[in-house]
Structure formats: C-alpha cells, structure tokens
Amino acid sequence: MPELRAAQEALTRLTLDVPDWPEPGVTFKDITPVLADHHAFASVITALAASGRDDHGNVVVDKVVGMEARGFILAAPVALALGIGFVPFSPLGRGFLSG
C-alpha cells in the first residue's frame, strides 16, 4: 500500500518526541509538524481513510469517531475523505462533550 508507506515515512520523519511530558517517564509524541506539512498530513489522512474501505474502494463504515484532542483533528478529515459523518467523543467526566 503506497499510501501507508507515505504516511509511515511522514510520521517517522516529522513526529517529535517530547521526553518527560506531561510527567517524568512519559514521552509525548508531538504531531504538530505533521499537521503543518500539507503533503504529510494528506498522506496520513489518506492512509487512515483506506482502513474504512474494502478492497474495491467501497466505504464500509457508517461514521468516523474521533476521541478527544488528536482524535478530533485526525478523524474529521478522514470522515470527509470517506464522504461520511464525524462523531466527536469524549469520555464521561472529561472535556466539553462530557455528560
């Protein structure tokens, strides 16, 4: 899958490690440089959207759910690429979508 290879290359090249954030011993993966690079961002969205299609390119999902923060950023354009709806999700008690 060429779209998967392009996405993997972009993520490997552009994702930054932020050690000890948000707490010691945790390494945060900063995808901001991926989002800032049009070609990298597009390749990641294309690769993610491919998982919502069958071998003939038909869409096989009804909605794309994005969970908080990066999930919102990535899932919305995936839904657009597939021509389906996007559902933002936040666990109960967290974020602006909590009950």
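The present account deals with the structure reproduced in this document. Since this is a predicted model, take the numbers as computed values, not measurements. (Residues numbered from 1 in each chain as written. Predicted model: local features only at pLDDT ≥ 70, side-chain atom pairs only at ≥ 80, totals over all residues. Heavy atoms only, no water.)

It is worth spelling out unusual backbone geometry at this point. That bond from W21 to P22 is cis: its omega, 10 degrees, falls within 30 degrees of zero. Residue placement: P22 occurs in the loop between strand 1 (16–19) and strand 2 (27–30). Despite not being glycine, D20 has its phi angle at roughly 60 degrees, a positive value. By secondary structure assignment, the location of D20 is in the loop between strand 1 and strand 2. For D20, a relative accessible area of 48% corresponds to the partly exposed category. Despite not being glycine, E68 has its phi angle at roughly 45 degrees, a positive value. In this structure, E68 sits in helix 4 (residues 68–82). Judged by relative accessible area, which is 18%, E68 ranks as buried. (Helix = DSSP H or I, 4+ residues; strand = E, 2+ residues; numbered from the N terminus. Buried < 20%, exposed > 50% of the residue type's maximum accessible area, 1.4 Å probe, protein only.)

Using the criterion set out here, one finds 2 salt bridges in the structure. A salt bridge links E9 to R13, with the nearest nitrogen and oxygen atoms 2.9 Å apart. Taken together, the residues E9 and R13, both in helix 1 (residues 2–14) and 4 residues apart, mark about one turn of the helix. Salt-bridge contacts for D17 lead to K29; the nearest nitrogen and oxygen are separated by 2.6 Å. Separated by 12 residues along the polypeptide, D17 in strand 1 and K29 in strand 2 bring together distant segments of the chain. Relative accessible area serves as the criterion here: at 48%, D17 is assigned to the partly exposed category. Relative accessible area serves as the criterion here: at 40%, K29 is assigned to the partly exposed category. (Salt bridge = Lys/Arg side-chain N within 4 Å of Asp/Glu carboxyl O.)

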